[in-house]
Every structure is written in C-alpha cells, then in structure tokens.
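Examining the three-dimensional arrangement
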Amino acid sequence: MNKALRIAAILMTLVSLGTAAYFGGKIYATQMEYAKGDKSYEELAKNAKESDESPAPFSEDLVEELKKEEVPVVDLGKAKELNGDITAWLYSPDTVIDYPVCYGEDNKYYLTHLADGKYNRNGCLFIDCNNEKNFSDKNTLIYGHHMNSGAMFASLVKYKGQEYYNEHPVMYLTLKDAVYKLELFSGYVTSSASSAYDKVFATDTDYTAWLKTIAKQSDFQPEPMILTKEDRIVTLSTCAYDFQNARYVVHGRLTEIGGYEECN
C-alpha cells in the first residue's frame, strides 16, 4: 500500500472512530437523561405515598378499601407542593404506571418536562388542556410517551393481548377529593385524528353511540360492563408505530371508590 492510501485509510478510521464516539456519547447522554427522569418519579412517588408521620387526608373507610385492593394511598397535596399543575395520580397495579398527572396551559409543555418542571424527554402524563381538569367531562384524555425503556405509557400497547388485560383490568386515579377505579373496557390502535379523542357530544344519544363504537373496536374482551350516558370515560393515549400518526388508546370507566374527609 502506498503512502497516500495508508494516510487515507488512517483518516477513514479516525473519522469512523470519531463518529462512533459521537453517537455513543449521545446514546449515553440520552440514557442518563431517561434515568434521571425515572429517579425523579420514584422519589416523587415515595414522598407522596402515605406515611405514619404525614398520613394522607383520607376517610378511614377509603383507606381500608385501598389497602384491601393493595392500592397505595397517595397524598396529592404533597405532590402539589412540588408543582401546582399536578392534578391527579394514576396507578396501574404490577406495572410501571405509578405517576402524577399534570394539567398544563397547552399540550406541548409536558411532552418534554417532568412533573417537577425540569426538562426531560420522559415528559409527564398530562390531561388534554381542552378538558376540565377535574375529570367532569364525558371523555377526559391523558397523554403519555411510549418510551423504549418501558416507562410512562409504553405498556399500554400490551393491551393488544387478552392475557395482559386479564392481569391488569383496572387502574386507579387519585384526585384532590376522591379516588376512582378506572375499569378498562377497550384498547386499540387508531389515528391521532379519530373519534377516540372526542370530548364533546351534542346529545346523550350521540354519546351512547360513541361508547358502543369504541367498545366494539377493542383488542381484548373486557369483563361484562353496561355503559350508560351517566358514565364518565378516561382515555389513555400513547404513540404506536403501526402506521403514520398511529396511537394506542385504552378507554376506562370512572367508578368512585370513596372520598376524603376534607377536600384540600
């Protein structure tokens, strides 16, 4: 090999090594960012859970019911001390979903910010800014990222399988004045512009027709459930990769377990 070829080979090797180092560094930085986000939520969850020193203001009956169902008691007031945008807490037994839910001024901020307001691509679960934050709407939307690490709402796509639903048929939602069971009844891939995201219905007839439509699309067969015009629905949404702008949504009915002795 002549001198010119040797030099060219060396330069190509250096460029390759530099490129590998650059992208390796970016991957490492991204993993560290995700890890910081996970740790932040772990610490927040630990601080917000009931303790002997600072018990949450639940009624005794509600505390007993939550303990019976092995649901952690979350003091939402403690969580709100960190950030007033924290509006609820969503918990799914035996999964990573154990997160605060924020309500921001738009649907962008919490895509890239944690519940404590720090920039992080984990983002935070958040309510659609066009919903009422007290979940009084017929259909309240909660968004969360589909993280490669499995964090946030990545596990929602597992509802494509009946076995996963059988093991995780309910979630729990803590608000400032009550705790609700979220009885899941439908999960499926859809477009980001589909009727799954409808929030306003002209008539009760339109609403009940919508309930029937979304129930029929489910990937899993839910427990027997009769949905009526009186029901309030929560729709959990995350990205899917089945086609462009695909989403995976899971619908659940809110059923109150109990309230607080005092509302903060």
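Each remark here, short or long, concerns the structure printed above.
Okay, so let's go over this structure. Source: prediction; values computed, not measured.

1. Digging into the overall build of the chain
- Counting secondary structure elements, the chain contains 5 helices and 8 strands.
- When the helices and strands of the chain are placed in sequence order, the string is α-α-α-β-β-β-β-α-β-β-α-β-β.
- Contacts spanning at least 24 positions in sequence make up 64% of the contacts within the chain whose residues lie at least 6 apart.

2. Observations regarding the side chain of T190
- Within the secondary structure layout, T190 lies in strand β6 (residues 178-191).
- A distance of 2.8 Å separates the side chain of T190 from the side chain of S194, its partner in a polar contact.
- Filtering out sequence-adjacent residues up to four positions away, T190 remains in contact with A196, Y197, F243, N245, A246, R247 and V249.

3. Focus on the packing of aromatic side chains
- Per the counting criterion, the structure on display carries 10 aromatic pairs.
- Centre to centre, the rings of F126 and Y143 are 5.3 Å apart; their planes meet at 45 degrees, and the pair counts as tilted. Taken together, the residues F126 in strand β3 (residues 125-127) and Y143 in strand β4 (residues 139-143) connect sequence positions 17 residues apart. The residues F126 and Y143 share a single accessibility class, namely buried.
- The interplanar angle of 85 degrees and the centroid separation of 4.9 Å between the aromatic rings of Y159 and Y164 together place this pair among those described as edge-to-face.
- The class of Y159 is buried, set by a relative accessible area of 1%.
- Using a relative accessible area of 14% as the deciding quantity, one classes Y164 as buried.
- Here a set of aromatic residues connected by ring pairs shows up, and it is made of Y159, Y164, Y165 and F220.

4. Observations concerning helix α5 (residues 204-216)
- Between its terminal C-alpha atoms α5 stretches 19 Å, which fits the 18 Å expected from 13 residues at 1.5 Å a residue.
- All buried positions along α5 are accounted for by Y207, W210, L211 and I214. Across the axial projection of α5, the buried residues extend over an arc of 105 degrees, all falling on one side. α5 presents T205, K212 and K216 as exposed residues on the side facing more than 90 degrees away from its buried surface.

5. So, the pattern of salt bridges
- All told, the structure shown has 9 salt bridges when counted by the stated rule.
- Put simply, K160 and D242 hold a salt bridge, and the shortest N to O gap is 3.3 Å. Taken together, the positions of K160 in the loop between β4 and α4 (162-167) and D242 in the loop between β7 (233-239) and β8 (246-259) put the pair 82 residues apart, joining distant regions of the chain.
- Classification of D242 by relative accessible area gives partly exposed; the value is 44%.
- Between D204 and K229 there is a salt bridge, with the nearest N and O atoms lying 3.9 Å from each other. One end of the pair, D204, is in helix α5; the other, K229, is in the loop between α5 and β7, with 25 residues separating them in the sequence.
- Look at D204 and you get partly exposed, because its relative accessible area is 39%.

6. Here we look at the nonpolar core
- With 60 residues, the main nonpolar core has L90, F135, I142, L156, Y159, M171 and L236 as its most contacted residues.
- Considering every element that reaches this core, the biggest residue donor is β6, with 6 residues.
- L90 has contacts with I97, D98, Y99, V101, L125, F153, M171, Y172, L173, L182 and L236, leaving out every residue within four places of it along the chain.
- Core analysis: the second largest hydrophobic core is formed by 10 residues, F58, L62, V71 and V170 among them.

7. Focus on the environment of S149
- Topologically, S149 is positioned in the loop between β4 and α4.
- Take S149: its relative accessible area is 49%, and that puts it in the partly exposed class.
- Considered as a pair, S149 and A35 are 114 residues apart in the sequence and their alpha carbons are 9.4 Å apart.
- Looking at S149, its side chain comes within polar contact range of the main-chain nitrogen of A151, at 3.4 Å.

Reading the values: rules and limits
- Residues numbered from 1 in each chain as written.
- Predicted model: local features only at pLDDT ≥ 70, side-chain atom pairs only at ≥ 80, totals over all residues.
- Heavy atoms only, no water.
- Helix = DSSP H or I, 4+ residues; strand = E, 2+ residues; numbered from the N terminus.
- Contact = heavy atoms within 4.5 Å.
- Polar contact = N/O pair within 3.5 Å; in protein donor to acceptor, adjacent residues only side chain to side chain.
- Phe/Tyr/Trp six-rings, centres within 6.5 Å; stacked < 30°, edge-to-face > 60°.
- Buried < 20%, exposed > 50% of the residue type's maximum accessible area, 1.4 Å probe, protein only.
- Expected span 1.5 Å × (residues − 1).
- Arc of directions from axis to C-beta.
- Salt bridge = Lys/Arg side-chain N within 4 Å of Asp/Glu carboxyl O.
- Core = buried A, V, L, I, M, F, W, Y, C linked by side-chain atoms within 4.5 Å.

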